[in-house]
Amino acid sequence: MKKSIYLFVVLFIYLSGTAASAQSLADRVVEHTLSNGLTVLMMERHQAPIISFQITYKVGSVNEHNGMTGVAHLYEHMAFKGTERLGTSNYQKEKELLETLEALNREIVREEAKGPESDPERLKGLREKFEALEKEGKQWVVTNELAELYNRNGSVGFNASTSRDVTSYVVSLPSNRLPLWVAIEADRMANTVLREFYKERNVVLEERRRSVDTNPGGKLYETFLATAFIAHPYGYPTIGWPSDVGSLSATQTERFFRTYYTPSNTVIAMVGDFKPAEVIPLLEKTFGSIPSAPPPPPVVTVEPPQLGERRVEVEDEANPQVVIGYHKPNFEHPDDPVFDVIDSLLSLGRTSRLYKKLVVEKKIAVGASSSSGTPGARYANLFTLSATPRAPHTAAEVEEAIYEELERLKNEPPTEKELEKVITNLNADLVRSLRSNNGLASQLAYFEAVAGDWRYILRNRDKIMKVTGEDVMRVARTYFTKKNRTVATLVQVLPAGEPGGKALPILKEGGR
């Protein structure tokens, strides 16, 4: 009964903060499918003359394979380089040069593939010619024209992201700039040009060096996932393996774009000051004119059952850290909401079980966290826990303390008060995430893309409300077993004479 009252209060707060009417979220979202299969979700909010736009493509690093890892993330970078009309002063001349450049790259790759039998002089000549052509092409490049066009028209938050499951492009604009957004984004969806491709490929490799290769936490997380997933592409790094990224060509990336950036594989969400009925004809005329394409190939690889505990170590100068992961099903499984409750019990706030036990009472860790849905949500994934020991305590002590808390979950149901607090916090998170136009557009597009229906937001909340203490014990006993877990430890290795290492943040990635 208390839960029902609380839910009413939460929804009242949400609705009263966003609309005068008492319509539910389900009633206010307008759905429209364009003639080519593109899904559009729209919601009016007239408090301010602003619209937040989100374009989410159902493609991420989970759609890659060995030899092509990192291509989804690299394409996200390329989508900012412009189109046949934006980012260029003379596309026809530029196009000829780009085709010559690509042909030259193929010659270089073929010569390099000969290995010891390649001709060094020929390679040198090809590379010099390639560099000269790249420099020549700069004369037609209008750098950053896309971002500057948005900036001149009052944009906020123009950005993009690539995850395991999706790739998203976001921006908020004054509502009278809606036609401009439609013109730019329909053009980007149909006519992106991979200009300065090989320069941008080097930018991505540098990004990888900063975020992974020279980052102890990044190295630990990458190694952990590659150990936990031996078959499923969730084990690939979204930024890609360096050798794969370094060998990607514009031709391969263009083929990836044509396969996955199709209308039926796309969700557009718009929230703000507009009338859907007035916008739909414009969307049909622009986005709707992009030719439809066959559905992209499905991900067929299923991670086989784990046959025993997996352990891996990463040596670095940084402070020790431990990451533990248990395989679990995806969002469609009835146990998934139970993991959301467990995650909240263990690590949401300073009164959570891990923080109280490891940081406050035992004083053996500087921080501890958990996450349900690592590294993605669409396919079977991981429930993860991580912690950093407080010196002089060890990663082994922290790991053992985490296991004690998991055993407690198996044998002792959470109290009614704890469950009420979890539901209160999760509902509060939901309300916060839907409060802004950008937040709501993001949630609508993400869940439509990943779950196939944005109403999953509401259904999952209802399922969480029904989780019992017995559910928590049953799920903990089923999944938190030694055989089902992977443990990665950052082992501190210091140069002689060094007094201490670098401190790391607590790892946290995964479900939304």
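Preceding block: the structure.
The present account deals with the structure reproduced in this document.

What counts, and at which threshold
- Residues numbered from 1 in each chain as written.
- Predicted model: local features only at pLDDT ≥ 70, side-chain atom pairs only at ≥ 80, totals over all residues.
- Heavy atoms only, no water.
- Patch = residues over 30% accessible without salt bridge, like charges linked within 9 Å, V, L, I, M, F, W, Y side chains within 5 Å.
- Areas by Shrake-Rupley, 256 points an atom, 1.4 Å probe, with all protein chains shown as cover.
- Salt bridge = Lys/Arg side-chain N within 4 Å of Asp/Glu carboxyl O.
- Lys, Arg positive; Asp, Glu negative; His and termini not counted.
- Charge placed at Lys NZ, Arg CZ, Asp CG, Glu CD.
- Helix = DSSP H or I, 4+ residues; strand = E, 2+ residues; numbered from the N terminus.
- Buried < 20%, exposed > 50% of the residue type's maximum accessible area, 1.4 Å probe, protein only.
- Polar contact = N/O pair within 3.5 Å; in protein donor to acceptor, adjacent residues only side chain to side chain.
- Contact = heavy atoms within 4.5 Å.
- Pairing = 2+ DSSP bridges.
- Axes fitted to C-alpha atoms, helices over the stretch in contact; angles between N-to-C directions.
- Parallel < 35°, antiparallel > 145°, perpendicular 65-115°, else oblique.
- Left-handed = near helix turned anticlockwise from the far one by under 90°.
- Nonpolar A, V, L, I, M, F, W, Y, C, P; charged D, E, K, R; others polar.
- Expected span 1.5 Å × (residues − 1).
- Arc of directions from axis to C-beta.
- Core = buried A, V, L, I, M, F, W, Y, C linked by side-chain atoms within 4.5 Å.

## Observations concerning a negative patch on the surface
Logical step 1: The grouping of D119, E121, E128 and E131 at the surface amounts to a negative patch.
Logical step 2: Examined against the element boundaries, E121 turns out to sit in helix α5 (residues 120–137).
Logical step 3: By relative accessible area, which is 59% here, E121 ends up exposed.

## Structural notes on the pattern of salt bridges
Logical step 1: Applying the stated criterion across every chain yields a total of 33 salt bridges.
Logical step 2: With its nearest N and O atoms 3.1 Å apart, the salt bridge here joins E107 to R122. Pair noted here: E107 is in helix α4 (residues 91–112) and R122 is in helix α5, with a separation of 15 residues, a long-range link.
Logical step 3: With a closest N to O distance of 3.0 Å, E185 and R188 form a salt bridge. Here the residue E185 and the residue R188 both occupy positions in helix α7 (residues 178–191), the gap between them amounting to 3 residues, near one helical turn.

## Focus: unusual backbone geometry
The phi torsion of most residues other than glycine is negative, and most of the peptide bonds are trans.
Logical step 1: A cis amide bond links T374 with the next residue in sequence, P375, at an omega value of 0°.
Logical step 2: Note that P375 resides in the loop between β9 (365–374) and β10 (381–389).
Logical step 3: The peptide bond linking A391 to P392 adopts the cis configuration, its omega dihedral lying at 10°.
Logical step 4: Here P392 shows up in the loop between β10 and α15 (395–411).

## What about the side chain of T69?
Logical step 1: Locating T69 in the fold gives a position in the loop between β3 (50–57) and α3 (71–78).
Logical step 2: A residue is classified by how much of its surface remains accessible, and T69, at 0% relative accessible area, is buried.
Logical step 3: Within the structure, T69 has its side chain in polar contact with the side chain of D244 (distance 2.6 Å).
Logical step 4: With residues near it in sequence (within four places) discarded, T69 still touches E64, Y236, G240, W241, D244, V245 and L248.

## Looking at the sheet that holds β3
Logical step 1: Across the sheet, which stays open at both edges, the 6 strands sit in the order β1-β2-β6-β3-β5-β4 with mixed pairing between neighbours. Pairing within the sheet leaves two strands with one partner each, and these edge strands are β1 (30–33) and β4 (156–162). In this sheet, neighbouring strand axes are inclined to one another by 15° on average, regardless of whether the strands run parallel or antiparallel.
Logical step 2: One ladder, built from 4 bridges, connects β1 with strand β2 (residues 39–44); its direction is antiparallel. From the neighbouring strand, H32 faces β2, where its bridge partner is V40.
Logical step 3: Sitting on the sheet, helix α17 (residues 437–451) is in contact with β2, β3, β5 (167–174) and β6 (266–272), with an inclination near 155° to β6.

## Concerning the packing of α15 against helix α19 (residues 469–479)
Logical step 1: The contact between α15 and α19 brings their axes to 7 Å, and the two run at 130°. Judged on the interaxial angle alone, α19 and α15 are oblique. Remark: the crossing between α15 and α19 carries left-handed chirality. Seen from α15, the contacting residues are L409, K410 and N411; seen from α19, they are V472, M473, A476 and R477.
Logical step 2: Here the contact of α15 with α19 is built from residues that sort into 4 nonpolar, 1 polar and 2 charged.

## Considering the pairing of β9
Logical step 1: Of all 10 residues that make up β9, 9 are buried, and the element is covered over most of its length.
Logical step 2: Where β9 lies against β10, 8 bridges are found, and the strand directions are antiparallel. For S369, the partnering residue across the bridge sits in β10 and is S386.
Logical step 3: Counted along the chain from β9 to the antiparallel partner β10, the turn is 6 residues long.

## Let's talk about helix α16 (residues 416–435)
Logical step 1: With 20 residues, α16 ought to run about 28 Å at 1.5 Å a step, and its terminal C-alpha atoms sit 28 Å apart, in line with that.
Logical step 2: Those residues of α16 lying buried are L419, V422, I423, N427, L430, V431 and L434. Taken down its axis, α16 places every buried residue within 165° of arc, on the same side. Those residues of α16 that are exposed and aimed more than 90 degrees away from the buried face are K417 and R435.

## Comments concerning the sheet that holds strand β8 (residues 321–328)
Logical step 1: On the basis of which strands lie adjacent, the open sheet formed by 5 strands has the order β7-β11-β8-β10-β9 and mixed pairing. Two strands lie at the open edges of the sheet, namely β7 (310–316) and β9, each paired on one side alone. For this sheet, the mean angle separating the axes of adjacent strands, direction not counted, is 15°.
Logical step 2: Its contacts with the sheet place helix α13 (residues 336–347) against β8, β9 and β10, and it is angled at close to 170° to β9.

## A closer look at the nonpolar core
Logical step 1: W181, M270, L283 and F287 are the most contacted members of the largest nonpolar core, which totals 63 residues.
Logical step 2: The dominant element in this core, judged by the number of residues it contributes, is α7, at 6 residues.
Logical step 3: L283 has contacts with L34, V40, M42, W181, V182, M270 and G288, leaving out every residue within four places of it along the chain.
Logical step 4: Judged by nonpolar contacts, the second largest core, of 38 residues, contains V322, I402, L409 and V472.

## Some thoughts on the packing of α3 against helix α8 (residues 197–213)
Logical step 1: With their axes 10 Å apart at the nearest point, α3 and α8 run at an angle of 120° to one another. As far as their axial angle goes, α8 and α3 are oblique. The handedness of the crossing between α3 and α8 is right-handed. Only F197, E200, R201, V203, V204 and E207 of α8 make contact with α3, whose side of the interface consists of H73, L74, H77 and M78.
Logical step 2: Of the residues contributing to the contact of α3 with α8, the split by class is 5 nonpolar, 2 polar and 3 charged.

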